[in-house]
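Coordinate inspection notes
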Amino acid sequence: MAKVVNKRLNKKNNSDSRRWKSPLFYKIYLPIIIILTYLPLLMMIVFSFNSSNSLINFKGFSFRWFERLFRTTAIMDALWTTIEVALIATACSVVIGTLAAIGLGLLSKKSKWFRDSLMFLNNIPIVNPEIVTAISLLILFIGINMPLGTGTMILAHISFCTPYVVLSVYPKMLKVDKFLIEASMDLGCSRAKSIRKVMIPELLPSIVSGALMSFTMSFDDFVISYFVGGSNMNISNYLYSLKKTNPSVNALSTIIIVIIAFVLIVGQLLQNRRSKTNKLVRDVNGAHSFINSNSEKRLIPQGSKEAIEVSRSNDALIDFAAEISTSEPIEEENTEVVNEDEIQKDN
């Protein structure tokens, strides 16, 4: 019976793989998705270099709208307000969300219902419509007689960015060994120092992911900023207030796309380099262990050609590993060499 079930499952998996290998997906569906996603961006980038203010006819290549972008005070003020609010909100939400995720992850299994209840409350602002969140924050600020402006905008952005950080860090926290903090405290670290030195490095990739998500959500926000920002406008509110299309906005969007693409490319290159380095270190460690294990299986005469080759191989592998990675140093193991006189005496 089990063989029949496995045979049917394998047949189903093979049919699914053949379905995805169909030329219909690669020749029709995939190009349509790419065109719908990137064609509008490409058109916007092209017309940001247009010499005229037309969004249809390209009359010549020019940096005119880039120059006007930096001369327009209203756009630059809105842009700096957006960046300031996004950076402050991201920093605060990362600290609050990371500590909250660590606290939730360290709760005992007996408090699972309490942890699930807190995660349920954390997910409400994420799935809640922005208009509802904006009106509720507006009522709160008016109720406590807090003047609307940049300060209320920052507080509002912190409130809706923090749940994204918790949602990003919390799953990684569940996979971290809970005894790491206890082991570091047994070695003399305080709880705060053990969290800073042990837990934060383990959670760093998820923290960076949550920070990028928070910055993007804050930079792109319109509805909440429109209600709680008062007279201060971020870039989204400024674009909404325009009565007609301004080609300088195309130039600003092009700059943002170039910066994002640069950050993504650099991050991907660093990740590829790190994975390649880790693979090389594992290969070197494996080769080093293999050579030492083979040399310990039998006695090698001192000064022989084979002993010299083993010694050179060990030295070369140690130097190579030290060059490609400083994070995983490889300690040199002394190869045991036995003199021929001692072998004859034993015999």
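Higher on the page you've got the structure.
All figures in this text were calculated on a predicted structure; none of them were measured in a lab. (Residues numbered from 1 in each chain as written. Predicted model: local features only at pLDDT ≥ 70, side-chain atom pairs only at ≥ 80, totals over all residues. Heavy atoms only, no water.)

What follows concerns the overall build of the protein chain. The helix and strand inventory of the protein chain stands at 14 helices and zero strands. Reading the secondary structure of the protein chain in the N-to-C direction produces α-α-α-α-α-α-α-α-α-α-α-α-α-α. Counting only residues that meet the buried cut, the protein chain has 31% of its 347 residues in that class. Considering only contacts in the protein chain between residues 6 or more positions apart, those separated by 24 or more positions represent 69%. Surface summary for the protein chain: the accessible area is close to 23,400 Å², and the carbon and sulfur share equals 63%. (Helix = DSSP H or I, 4+ residues; strand = E, 2+ residues; numbered from the N terminus. Buried < 20%, exposed > 50% of the residue type's maximum accessible area, 1.4 Å probe, protein only. Contact = heavy atoms within 4.5 Å. Areas by Shrake-Rupley, 256 points an atom, 1.4 Å probe, with all protein chains shown as cover.)

Centre distance and the angle of the planes are the two values used to describe a pair of aromatic rings. For the structure shown, the criterion picks out twelve aromatic pairs. Measuring from ring centre to ring centre gives 5.9 Å for Trp113 and Phe114, while their planes differ by 70°; the resulting arrangement is edge-to-face. Taking the relative accessible area as the measure of exposure, Trp113 reaches 61% and is therefore exposed. The partly exposed category is assigned to Phe114, whose relative accessible area is 38%. Ring pairing ties together the aromatic residues Phe49, Phe61, Phe63 and Phe66, which thus form one cluster. (Phe/Tyr/Trp six-rings, centres within 6.5 Å; stacked < 30°, edge-to-face > 60°.)

Time to look at the nonpolar core. Among the nonpolar cores identified, the biggest contains 17 residues, and Val169, Met199 and Leu203 are the most heavily contacted of them. Put simply, the parts of the chain that give this core at least two residues each are helix 4 (73-105), helix 7 (150-175) and helix 9 (191-220). Ignoring anything within four residues of it in the chain, the contact list for Leu203 reads Ile102, Val169, Lys172, Met173 and Val176. One finds Phe49, Leu69, Phe219 and Ile235 within the second-largest nonpolar core, a separate group that totals 13 residues. (Core = buried A, V, L, I, M, F, W, Y, C linked by side-chain atoms within 4.5 Å.)

Before going further, it helps to spend a moment on the side chain of Thr162. Tracing the chain through its elements places Thr162 in helix 7. Under the relative-accessibility criterion, Thr162 is labelled buried at 12%. Apart from residues no more than four positions distant in its own chain, Thr162 is found in contact with Ser93, Ile96 and Gly97.

With respect to the helices, strands and loops of the structure, Thr98 is situated in helix 4. Ignoring any residue separated from it by four or fewer positions in sequence, one finds Thr98 in contact with Ser93, Val165, Val169, Ile200 and Ile207.

Moving on: the environment of Leu180. With respect to the helices and strands, Leu180 occurs in helix 8 (residues 179-186). Judged by its relative accessible area of 30%, Leu180 falls in the partly exposed class. Separated by 15 residues in the primary sequence, Leu180 and Ile195 place their C-alpha atoms 9.4 Å from one another.

For the rest of this paragraph, the subject is helix 9. Relative to the 44 Å expected for 30 residues at 1.5 Å per residue, helix 9 spans just 37 Å between its end C-alpha atoms, considerably shorter than the ideal helical length. A bend of about 60° at Leu204 is the largest found in helix 9, and the proline Pro205 appears one to four places after it. Three or more residues of helix 9 are buried, namely Ser194, Ile195, Met199, Leu203, Ser206, Ile207, Gly210, Ala211, Ser214, Ser218 and Phe219. (Expected span 1.5 Å × (residues − 1). Bend = angle between axes of the 7 residues up to and from the residue.)

What follows deals with the pattern of salt bridges. Applying the stated criterion across every chain yields a total of one salt bridge. Residues Lys112 and Asp116 are paired through a salt bridge, measuring 3.0 Å at the closest nitrogen-oxygen approach. Residue Lys112 and its partner Asp116 are both found in helix 5 (residues 112-127); the two are separated by four residues, about one turn of the helix. What makes Asp116 partly exposed here is its relative accessible area of 36%. (Salt bridge = Lys/Arg side-chain N within 4 Å of Asp/Glu carboxyl O.)

With that out of the way, let us pick up a nonpolar patch on the surface. Together, Ile35, Leu39, Leu42, Met43, Val46, Phe58, Phe61 and Phe63 make up an exposed nonpolar region whose accessible area comes to about 780 Å². Under the relative-accessibility criterion, Leu39 is labelled partly exposed at 40%. (Patch = residues over 30% accessible without salt bridge, like charges linked within 9 Å, V, L, I, M, F, W, Y side chains within 5 Å.)

Turning our attention to the packing of helix 4 against helix 7. The description of two packed helices rests on the angle between their axes and on the distance between the axes. It is the contact of helix 4 with helix 7, at a shortest axis distance of 6 Å, that shows an interaxial angle of 40°. The orientation of helix 4 relative to helix 7 falls into the category oblique. Note that helix 4 runs across helix 7; the crossing there is right-handed. Taken together, the residues that form the contact of helix 4 with helix 7 break down as 20 nonpolar, seven polar and no charged. (Axes fitted to C-alpha atoms, helices over the stretch in contact; angles between N-to-C directions. Parallel < 35°, antiparallel > 145°, perpendicular 65-115°, else oblique. Left-handed = near helix turned anticlockwise from the far one by under 90°. Nonpolar A, V, L, I, M, F, W, Y, C, P; charged D, E, K, R; others polar.)

The next thing to look at is the environment of Phe160. By secondary structure assignment, the location of Phe160 is in helix 7. It is 8.6 Å that separates the C-alpha atoms of Phe160 and Ser214, two residues lying 54 residues apart in sequence. Once residues within four sequence positions are removed from consideration, Phe160 is found in contact with Met217, Ser218, Asp221 and Ile224.

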